[in-house]
There are 2 protein chains.
Amino acid sequence: MEQIGNRDRLIKSWLYEAAAILRDSFHEELEIDEKTSRTDLVTNMDREIEVFLYEKITNHFPGERILGEESIGHDLKDLSGVVWIIDPIDGTLNFIKQQAEFAIMIGVYEDGIGRLGYIYDVVRDELYFAIRDNGAFCNERRLPMVENKPLSEGLVAISNRLVMADAGEARRIARKSSGLRVNGSAGLETAWVASGKLIAYIAPSLAPWDVAAGLVIAEEVGLVYRQVTGEKVNLLGNNAIIVANEHAFREISETMRMGE
Amino acid sequence: MEQIGNRDRLIKSWLYEAAAILRDSFHEELEIDEKTSRTDLVTNMDREIEVFLYEKITNHFPGERILGEESIGHDLKDLSGVVWIIDPIDGTLNFIKQQAEFAIMIGVYEDGIGRLGYIYDVVRDELYFAIRDNGAFCNERRLPMVENKPLSEGLVAISNRLVMADAGEARRIARKSSGLRVNGSAGLETAWVASGKLIAYIAPSLAPWDVAAGLVIAEEVGLVYRQVTGEKVNLLGNNAIIVANEHAFREISETMRMGE
């Protein structure tokens, strides 16, 4: 991939522009539709931001493929060449109910390898990003490598879905930590593990657009971001994942295997 | 209680001063001690802010009594006269681990009736407050009365402790809502119910300092803030509480009573 600095500057400018569109939308009535259930929602703004990013990418990088949460590229069968994986609003329920705690996410992959990752916390104005082999940042601040601390020393975020589906599993892990948090945004929770605010994030079913940006950032700070089984995440399917430092990752996957 | 506007201005100035002290502390090493368990922690900053507020109150309002989380007034036996109930840092675990998602809280009661309530989200710079019979605010913005919506239309925050202690109960309630959140600050979660970001907050064991400020704010926006049993909260003991609009309160207490 050439001109990575140029891509980085462009992507940031698009994110700031998209964020301004979202902030303006706070004053307008949202159109809300159900996707698979009454709590799996999409708004006109998810669609608008996806189209906005789609147009920017195809204008500047014609020929590169795009996979977006709301509709674009869902027939993608492989990751050859450059593939952009975007989530226009990660944490749509938070966006609708709280007008906060959501993120715009972009990951850029080349032949399946993550090159660039962006998680933009619009309301806090915190842009977490990473360029492969060049470190991860929150705005201008470089994120240090994560410490290899035990689960007991940190707060663990577990997805709403896992807490609801199998509270035993979630409880066993949470009990070994300093405490449970459920924030409702895979992107922000991953960014907070990368910046040391959480020790781990666990979710039973993440789609490629939930994973793509965070994976690049996680790797740059030395986190393990894998499926619960230990396998690499699959960017063409759903994943039960753990994001944590190596020590905590091992504790969590053992706790999951062992049962009560 | 006389000169309520004067008290309000003083309290706000103390909160902003205390917040500046806390923000400065982000750059220094914290001293952390365990209270009742490895996840029930107190820092030198909890103690410093409690003493700071204690001194302000006793200087300006000598003779008025004070109940503070860390040590002050724990022999309080009644609520006669003016009683200040303060939590120097609500969400101490968040303060330690995230340097975010915590609040400074002050409630002022007269003969057991809440007159003034303040929940200051230091990092977001959002001061939620209420003066009895004069409405509730977030900074300069007046909070509208809450809508009487069903549980299914909002996100419900449940305390870490309840999710851990009885996931069945927590899950039954969360399943009827739009989704579960666990944020780790009774004050912020109450403020977010008052401002409509959450539909309810449920916690099995809140101390007077967890309750005092939020109760005043909740009442000014028409929320029900009561014990799970329906009884009034007890400002001299621990409380299992629900904060919600009337409709959602009824749904939650029925769900708790009925079982799976």
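Residues numbered from 1 in each chain as written. Chains lettered and ligands numbered in written order. Predicted model: local features only at pLDDT ≥ 70, side-chain atom pairs only at ≥ 80, totals over all residues. Heavy atoms only, no water.

Okay, the packing of helix α1 (residues 4-25) of chain B against helix α2 (residues 44-60) of chain B next. Residue and element names in this part refer to chain B. Between α1 and α2, the shortest axis-to-axis distance is 11 Å and the interhelical angle comes to 155°. Relative to α2, α1 is oriented roughly antiparallel. Crossing of α1 over α2 shows right-handed handedness. Together, L10, W14, E17, A18, I21, L22 and S25 of α1 and M45, E48, I49, F52, L53, K56, I57 and H60 of α2 make up the contact between the two elements. Partitioned by chemical class, the residues of the contact of α1 with α2 number ten nonpolar, two polar and three charged. (Axes fitted to C-alpha atoms, helices over the stretch in contact; angles between N-to-C directions. Helix = DSSP H or I, 4+ residues; strand = E, 2+ residues; numbered from the N terminus. Parallel < 35°, antiparallel > 145°, perpendicular 65-115°, else oblique. Left-handed = near helix turned anticlockwise from the far one by under 90°. Contact = heavy atoms within 4.5 Å. Nonpolar A, V, L, I, M, F, W, Y, C, P; charged D, E, K, R; others polar.)

Moving on: the interface of chain A and chain B. Counting residues at the interface gives 34 residues for chain A and 34 residues for chain B. A combined buried area of about 2,700 Å² lies between chain A and chain B, and 48% of that area is made up of carbon and sulfur atoms. It is K97, M164 and R181 of chain A in chain A that bury the most area against chain B; as a group they hold 22% of the surface buried on that side. There are two salt bridges connecting chain A and chain B. Measuring nitrogen to oxygen at the nearest pair gives 2.9 Å for the salt bridge that ties R124 of chain A to E101 of chain B. The interface formed by chain A and chain B contains 19 residue pairs in polar contact (both at pLDDT 80 or more). At the level of elements, α3 (92-98), α4 (160-165), α5 (167-176) and β11 (179-181) of chain A are the ones that each hand at least two residues to the side of chain A that touches chain B. Per element, the largest residue contribution to the side of chain A that touches chain B is five residues, and it comes from α5 of chain A. When the residues that make up the side of chain A that touches chain B are grouped by side-chain class, the tally is eleven nonpolar, twelve polar and eleven charged. (Buried area = accessible area lost by both parts, 1.4 Å probe. Salt bridge = Lys/Arg side-chain N within 4 Å of Asp/Glu carboxyl O. Polar contact = N/O pair within 3.5 Å; in protein donor to acceptor, adjacent residues only side chain to side chain.)

Our next topic: unusual backbone geometry. The residue D125 of chain A is not glycine, and still its phi comes out positive at about 55°. For D125 of chain A, a relative accessible area of 40% gives the class partly exposed. At D133 of chain B, a residue that is not glycine, the phi angle is positive and equals roughly 70°. Among the secondary structure elements, D133 of chain B is positioned in the loop between β7 (126-131) and β8 (136-138). Look at D133 of chain B and you get exposed, because its relative accessible area is 64%. (Buried < 20%, exposed > 50% of the residue type's maximum accessible area, 1.4 Å probe, protein only.)

Right, let's talk about the domain arrangement of chain A for a bit. Residue and element names in this part refer to chain A. Looking at the assigned domains, one finds that chain A contains domain 1 (4-142) and domain 2 (151-258). Each of domain 1 and domain 2 has a C-alpha centre, and these two points are 20 Å apart. If you look at the interface, domain 1 gives 38 residues, while domain 2 gives 24 residues. For the pairing of domain 1 and domain 2, the buried interface totals around 2,300 Å² over both sides, and the portion due to carbon and sulfur atoms is 68%. Taken as a group, Y109, I119 and Y128 account for 24% of the area that domain 1 buries against domain 2, more than any other trio of residues on that side. In this structure, the connection of domain 1 to domain 2 is made through one salt bridge. Notably, a salt bridge pairs E219 with R132, separated by 3.5 Å at the nearest N-O pair. Connecting domain 1 to domain 2 are nine residue pairs in polar contact (both at pLDDT 80 or more). Looking at the side of domain 1 that touches domain 2, the elements with two or more residues in it are β3 (65-68), β4 (82-90), β5 (103-110), β6 (113-121) and β7 (126-131). Residues belonging to the side of domain 1 that touches domain 2 are distributed by class as follows: 18 nonpolar, nine polar and eleven charged. (Domains from an automatic or database assignment.)

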